[in-house]
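Letter by letter, the chains look like this.
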Amino acid sequence: TFQFQMPKQKAPRKQLKSYKLKHINKSIQEGDAVLMRSSEPGKPSYVARVEAIETDARGSHAKVRVRWYYRPEESIGGRRQFHGAKEVFLSDHFDFQSADTIEGKCKVHSFSSYTKLDSVGNDDFFCRFEYNSTTGAFDPDRVTVFCKCEMPYNPDDLMVQCEECSEWNNNRGS
């Protein structure tokens, strides 16, 4: 005999503008940068931007649609000399994750606002590139270079301006 099964009805999901994370006692909303727990012990938290928040009909379980930020070592080219310690790239990689994996909020600054911070906290990052996770391409694909080494500016390096030629040099003695 042939049995016909009705497809299971998916519980309706509700889009939320903000959501209270009880486990960290903070509210998140679309556009927030968050730290997400890595599944691998000892790995740093992932950085992501909340694109959307939805919950099941009862409101008991929230999911977040995130757009991942990649660290330089997670990109195809790897970490380069000019990448700052707190640099991340906004990728084209989106995912749905349980809101329970959010460890906290963080701040991803523009490059120029990051360089003007009086002090950089643990939860401060900066982004100057968008990153295509399939091709490894960066946008913009070029940035201003400084110094005799012709490298982009790394905000972690002390740059010194020569009084005679006004050329900027990093403090590595190049």
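Provided above is the structure to which this section pertains.
Before going into details, it helps to say that this report is about the structure given with it. (Residues numbered from 1 in each chain as written. Predicted model: local features only at pLDDT ≥ 70, side-chain atom pairs only at ≥ 80, totals over all residues. Heavy atoms only, no water.)

### Section: the packing of aromatic side chains
The condition that has to hold: Within 6.5 Å between ring centres, the rings of Phe, Tyr and Trp (the latter by its six-membered ring) count as paired, and their orientation is classed by plane angle as stacked under 30 degrees, edge-to-face over 60, tilted in between. By definition, any uninterrupted DSSP run of H or I lasting at least four residues is a helix, any uninterrupted run of E lasting at least two residues is a strand, and each is numbered from the N terminus. The cut-offs for exposure are 20% and 50% of the maximum accessible area for each residue type, with area from a 1.4 Å probe on protein chains only; residues under the lower value are buried, those over the upper are exposed, and the others partly exposed.
In this structure the tally under the stated criterion is 9 aromatic pairs. Between Tyr70 and Tyr131 the ring centres are 5.3 Å apart and the planes differ by 50°, which places this aromatic pair in the tilted class. With a gap of 61 residues between them, Tyr70 in strand 6 (residues 62-70) and Tyr131 in strand 10 (residues 130-131) connect regions that are remote in the sequence. Tyr131 shares its class with Tyr70; the two are buried. Their ring planes at 75° and their centres at 6.0 Å tell us that Phe89 and Phe129 sit as a pair that is edge-to-face. Of this pair, Phe89 sits in strand 7 (residues 89-98) while Phe129 sits in the loop between strand 9 (124-127) and strand 10; the two residues are 40 residues apart in sequence, bridging distant segments of the chain. The pair formed by Phe89 and Phe129 is uniform in burial state, with each residue classed as buried. Through a chain of ring-to-ring contacts, the aromatic side chains of Tyr70, Phe89, Phe129, Tyr131 and Phe138 assemble into a single cluster.

### A few points about the pairing of strand 9
Formally: Two strands form a pair only when DSSP identifies at least two bridges running between them.
Alternating positions in strand 9 separate into two faces, Asp124 and Phe126 on one and Phe125 and Cys127 on the other, with burial throughout. Sheet analysis places strand 8 (residues 102-110) next to strand 9, joined by 4 bridges and oriented parallel. Each residue of the ladder has a partner; that of Lys107, found in strand 9, is Asp124.

### Thoughts on the side chain of Arg67
Our working rule: Whenever two N or O atoms come within 3.5 Å, that pair is a polar contact, provided that in protein one can donate a hydrogen and the other can accept it, and provided that, for residues adjacent in sequence, both atoms are side-chain atoms. The contact rule is simple, with two residues in contact once any of their heavy atoms fall within 4.5 Å.
Looking at where Arg67 falls in the secondary structure, it is placed in strand 6. A distance of 2.6 Å separates a polar atom in the side chain of Arg67 from the backbone oxygen of Ser91. In this structure the side chain of Arg67 is engaged in a polar contact, spanning 3.3 Å, whose partner is the side chain of Glu130. Among all residues touching Arg67, those that are not within four sequence positions of it are Ala48, Arg49, Glu51, Leu90, Ser91, His93, Phe94 and Glu130.

### Observations concerning the pairing of strand 2 (residues 18-21)
On strand 2, burial follows the alternation: Tyr19 and Leu21 on one face are buried, whereas Ser18 and Lys20 on the facing-out side are not. Pairing geometry for strand 2 and strand 3 (residues 26-29), over 4 bridges, is antiparallel. The partner of Lys20 across the bridge, within strand 3, is Ser27. Counting the residues that bridge the hairpin from strand 2 to strand 3 gives 4 residues, and of these Asn25 lies at a positive phi of roughly 55°.

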